[in-house]
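These are the residues of each chain, in order.
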Amino acid sequence: LLKEPRHAVISRKDADSEEIYKVLKLIPDSDLFSSAAFGGKDLMFSDAATELIELPKITDSFLYLREDYHEAMHALKAGNPPAPDGKIEWCTISHAEQQKCDSLQIPRMECRRASSVDECIQKIMRKEADALAVDGGQV
């Protein structure tokens, strides 16, 4: 058994998680979970991932990431206003991840670059981004 959840998509508390899930499901799994074409590994999502699973509404970050991660996630739960004009601002943490995100060409998703997971979390807190994908150990 794993000591920590492997991966999670993190969004602002007031972001429409159902809409983010729907937009991500528009992308073929072969494009979403493969990084080979971008010269990297595990860009945006783990290359080993096979599907996205939408967790029940009652499963919040505390239940999913457990107590160890609750304080780090608490800041992301602060009340932020909805994303302007319905676009999802996705935060990436490397050049290759940015290339992959840009290549997905989802009309309602914009890709925003940061240098680290911490910087992406700061962007979410400053309302400059809406979501990012992280490994459970990165939070």
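Up top is the structure these notes are about.
Described below are features of the structure shown in this document. In this text the structure is predicted, and so the values were computed from the model without any measurement. (Residues numbered from 1 in each chain as written. Predicted model: local features only at pLDDT ≥ 70, side-chain atom pairs only at ≥ 80, totals over all residues. Heavy atoms only, no water.)

### Digging into the packing of aromatic side chains
Now for step 1: Taken as a whole, this structure holds two aromatic pairs when the rule is applied.
Now for step 2: With centroids separated by 5.8 Å and ring planes inclined at 90 degrees, the aromatic side chains of F33 and F45 adopt a geometry described as edge-to-face. Taken together, the positions of F33 in the loop between helix 2 (29-32) and helix 3 (61-65) and F45 in the loop between helix 2 and helix 3 put the pair twelve residues apart, joining distant regions of the chain.
Now for step 3: Relative to W90, the ring of F45 lies with its centre 5.9 Å away and its plane at 40 degrees, an arrangement referred to as tilted. Within this pair, whereas F45 is found in the loop between helix 2 and helix 3, its partner W90 is found in strand 2 (residues 88-92), the two being separated by 45 residues in sequence.
Now for step 4: Take F45: its relative accessible area is 9%, and that puts it in the buried class.
Now for step 5: Three or more aromatic residues link up through ring pairs in this structure, and these residues are F33, F45 and W90. (Phe/Tyr/Trp six-rings, centres within 6.5 Å; stacked < 30°, edge-to-face > 60°. Helix = DSSP H or I, 4+ residues; strand = E, 2+ residues; numbered from the N terminus. Buried < 20%, exposed > 50% of the residue type's maximum accessible area, 1.4 Å probe, protein only.)

Read these as geometric descriptors, not functional statements.
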